[in-house]
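Single-letter residue listing:
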Amino acid sequence: MPNHPLAPTLLPLLGGTANLISVTHCMTRLRLEVKDPTLLRTAGLRALPEVLGLVEDGPALQIVLGPGAADRAAADLEQLRRTESLRTERRTRNATPPKLALRRIAQVFVPLIPALIGCGIIAGLAGLLGNLHRLPALAAALTATASGFMSLIAVFVGHNTAKEFGGTPVLGGAVAAVTVWPGVTQLHMTPGQGGVLGALAAALLAVQVEKACRRLVPEALGVLVVPTVTILLPGLVALHGLMWAAGQVATAVGRFADRLPAEGGAAAGLVLGGLFLPLVMLGLHQALIPVHTTLITEQGSTVLLPLLATAGAGQVGAALAVYLRVARDAAVRRTVRSALPAGLLGIGEPLIYGVSLPLGRPFVTACVGGAIGGGFLGLLEQFGGAIGATAIGPSGWALFPLLRGEHGLLRAAAVYGAGLAAGYAAGFVVTYLFGFPAPGNARGRHPRDNGDAALGSVQDR
């Protein structure tokens, strides 16, 4: 038997998951029914060393694999079908106008994440040197290196906004640059007032103005009139309204973030840690990206991210419990092993769509584990001071270098680590005890747990 799963190799030769109607097996054969037999690549199937023979009968196909191999291939194909079905359902569910708008706004900020991560780590090193009173010249250089991008992040937001919404990127950046020009002090405003929210709004307005100009202005004059009007009108609106309005919103977000650890504490962590996995499943977590970015630009860190990261810890703990409980399901255990490293780094989708959500109950218990982890972290912050992240993107273990706290990096790392550990432990225990029905209750039980046959199997000899 090969060391790699056979199902991913078979799937493209069978026309993909959408071409499969049913997957069953007997002792030696994988039995399939397909929608379109013309999509089958039988020559490629016969060429596989694992395939001992083919039996074709219109939409029905039998692949001779031998004892044991047919069972494993059927289970793996079903797992791939379930995962793809969930992804398709999710894409359909997320195709509503509000969610599409959130996704487009998220795309404005996603390209900025590598720079936010790099600058966040550099700023952390500068802060560490400052706290230790070591190498002041190097600390100053690191601060300048990290601050350059952050001081002009509004320009990049404007550029990406215009690009995403169909405008000219450089014009979006030019309009957003108005908000960070030092000379706005002459208009009794602060450079950067409104942060990324003001830049986003100004660039969105610039896109609409540019599109209107291109419709109305003759082509011969467009090269002069379109860029001038596109920068002038939104720039004036930004100076005399958008910057103030966005500044009010940013201030309110900052005040909320300041009060959250001190007043919300365990309750806030419980809610954030418990609800984040469903938000990720629905794609609604993208709405938080501008909020995180605003907090980082306004205050230097986002206090929301460490609390939200405990949801991923609950998911990891739940996955480990699933790994132990479904000891006879090689496909699920293999999925857990492959997705677990990403889960430890805060990338939860592989575990959500490959493990917990298809099984049902473990997704709920993973949310419970995240809630307990978030509540514990919030309690620690309530008494020991808030901690935040200087960049967005990484989570889980990858968040440690980006932490920032009122009492230094080491204490922030200890508090955050305790929250993760609580999430891991709670997710594991709750899933192990309550993530599967009692042995006498077959409803909801995983198909291969407790010795059941593979889903849809036919044990004929």
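Conventions adopted
Positions within a chain are numbered from 1, following the residues in the order the chain's sequence is written. The model is predicted, so local features are restricted to residues of pLDDT at least 70 and side-chain atom pairs to those at 80 or more, both for listing and for counting; the totals for chains, interfaces and linings are taken over all residues. Only heavy atoms go into the side-chain values, all of them from the structure, while hydrogens and water stay out. For helices the rule is a DSSP run of H or I covering at least 4 residues; for strands it is a run of E covering at least 2, with both sets numbered from the N terminus onward. Only protein chains enter the accessibility calculation, which uses a 1.4 Å probe; a residue whose area is less than 20% of its type maximum is buried, one above 50% is exposed, and one in between is partly exposed. Side-chain atoms alone can form a polar contact between residues adjacent in sequence; in general such a contact is a pair of N or O atoms within 3.5 Å, and within protein one must be able to donate a hydrogen while the other accepts it. Grouping into patches uses exposed residues only, defined as over 30% relative accessible area, and leaves out salt-bridged ones; the cut-off is 9 Å for like charges and 5 Å for nonpolar side chains (Val, Leu, Ile, Met, Phe, Trp, Tyr). Surface exposure here means Shrake-Rupley accessible area, sampled with a 1.4 Å probe, where a residue is shielded only by the protein chains that are shown. Within this document, salt bridges are pairs made up of a side-chain nitrogen of Lys or Arg and a carboxyl oxygen of Asp or Glu, the two lying within 4 Å of each other. Axis geometry follows a simple rule: fit a line to the C-alpha atoms, using only the stretch in contact for helices, then measure angles between N-to-C directions, giving values from 0 to 180 degrees. Any angle between 65 and 115 degrees counts as roughly perpendicular, while under 35 counts as roughly parallel, over 145 as roughly antiparallel, and the rest as oblique. For a crossing to be left-handed, the near helix must be turned anticlockwise from the far one by less than a right angle; the clockwise case is right-handed. The nonpolar class holds Ala, Val, Leu, Ile, Met, Phe, Trp, Tyr, Cys and Pro. Asp, Glu, Lys and Arg form the charged class, and all remaining residues, Gly among them, are polar. Expected span of a helix: the number of residues minus one, times 1.5 Å. To obtain the bend at a residue, axes are fitted to the seven residues ending there and to the seven starting there, and the angle between these axes is taken. Strands are labelled as partners when DSSP assigns at least two bridges between them. Contact between two residues is taken to exist if any of their heavy atoms lie within 4.5 Å; hydrogens are not considered.

## Concerning unusual backbone geometry
Stage number 1. Residue Leu135 is not a glycine yet carries a positive backbone phi of 45°.
Stage number 2. Relative to the elements of secondary structure, Leu135 occurs in the loop between α5 (113-132) and α6 (136-151).
Stage number 3. Using a relative accessible area of 52% as the deciding quantity, one classes Leu135 as exposed.
Stage number 4. Within the chain, His188 stands out as a residue other than glycine whose phi angle is a positive 65°.
Stage number 5. The topology assignment puts His188 in the loop between α8 (169-177) and α9 (195-216).
Stage number 6. Since its relative accessible area comes to 77%, His188 is described here as exposed.

## Notes on the side chain of Asn19
Stage number 1. Mapped onto the fold, Asn19 is located in the loop between α1 (7-13) and β1 (20-25).
Stage number 2. A distance of 2.9 Å separates the side chain of Asn19 from the backbone oxygen of Leu14, its partner in a polar contact.

## What about a nonpolar patch on the surface?
Stage number 1. A cluster of nonpolar side chains, contributed by Leu324, Val429, Tyr432, Leu433 and Phe434, occupies part of the molecular surface with about 510 Å² of accessible area.
Stage number 2. In terms of residue count, helix α16 (residues 409-434) provides more of the nonpolar patch than any other element does, four residues in total.
Stage number 3. As for its placement among the helices and strands, Leu324 is situated in helix α12 (residues 304-325).

## Observations regarding the packing of helix α15 (residues 361-384) against α16
Stage number 1. In contact at an axis separation of 7 Å, α15 and α16 are set at 150° when each is read in the N-to-C sense. Here α16 runs roughly antiparallel to α15, going by the angle between their axes. Considering only the axes of α15 and α16, their crossing is right-handed.
Stage number 2. For the contact of α15 with α16, the residue count by class is 14 nonpolar, eight polar and three charged.

## A word on helix α13 (residues 330-344)
Stage number 1. Given a rise of 1.5 Å per residue, 15 residues ought to cover 21 Å, and the 21 Å separating the end C-alpha atoms of α13 matches this to within 8%.
Stage number 2. Along its length, α13 reaches its greatest deviation from straightness, about 35°, at Ser338, and the proline Pro341 lies no more than four positions downstream.
Stage number 3. Residues Ala331, Val332, Arg333, Thr335, Val336, Ala339, Leu340, Gly343 and Leu344 constitute the buried set of α13.
Stage number 4. Of the residues that open α13, the one with a side-chain oxygen 3.1 Å from the backbone nitrogen of Ala331 is Asp329.

## Notes on the pattern of salt bridges
Stage number 1. Counted by the stated rule, this structure contains five salt bridges.
Stage number 2. One salt bridge connects Glu56 with Arg46, and the closest N-O pair in it is separated by 3.2 Å. One end of the pair, Glu56, is in strand β3 (residues 53-57); the other, Arg46, is in helix α2 (residues 42-47), with 10 residues separating them in the sequence.
Stage number 3. We classify Arg46 as partly exposed; its relative accessible area is 46%.
Stage number 4. Between Glu210 and Arg214 there is a salt bridge; the shortest N-O distance is 3.0 Å.

## Thoughts on the sheet that holds strand β2 (residues 29-34)
Stage number 1. What the four strands build is an open sheet, ordered β1-β2-β4-β3; its pairing is antiparallel. One side of each edge strand has no neighbouring strand; the edge strands of this open sheet are β1 and β3. Put simply, the sheet's adjacent strands are angled 15° from each other on average, direction ignored.
Stage number 2. Direction of pairing for β3 relative to strand β4 (residues 60-64): antiparallel, over a ladder of five bridges. Each residue of the ladder has a partner; that of Asp57, found in β4, is Ala60.

## Description of the packing of helix α11 (residues 288-299) against α12
Axes are the key here: two packed helices are described by the angle between their axes and the distance separating the axes.
Stage number 1. One way to put it is that α11 packs onto α12 with a least axis distance of 11 Å and a crossing angle of 140°. What the angle tells us is that α11 and α12 run oblique. Contacts between α11 and α12 involve Leu288, Val291, His292 and Leu295 on the former and, on the latter, Leu304, Leu305 and Leu308.
Stage number 2. Each residue belonging to the contact of α11 with α12 can be placed in one class, and the counts come to six nonpolar, one polar and no charged.

## Considerations on the pairing of β2
Along a regular strand, successive side chains alternate from one face of the sheet to the other.
Stage number 1. By the alternation rule, side chains of β2 split into Leu30, Leu32 and Val34, which are all buried, and Arg29, Arg31 and Glu33, of which none is buried.
Stage number 2. Sheet topology note: the β1/β2 ladder contains five bridges and is antiparallel. Following the sheet pairing, His25 is matched in β2 by Leu30.
Stage number 3. The turn joining β1 and β2, which pair antiparallel and follow one another in sequence, is formed by three residues.
Stage number 4. In this sheet, β4 lies alongside β2 in antiparallel orientation, the contact comprising five bridges. Paired with Arg29 across the strands is Val64, a residue of β4.

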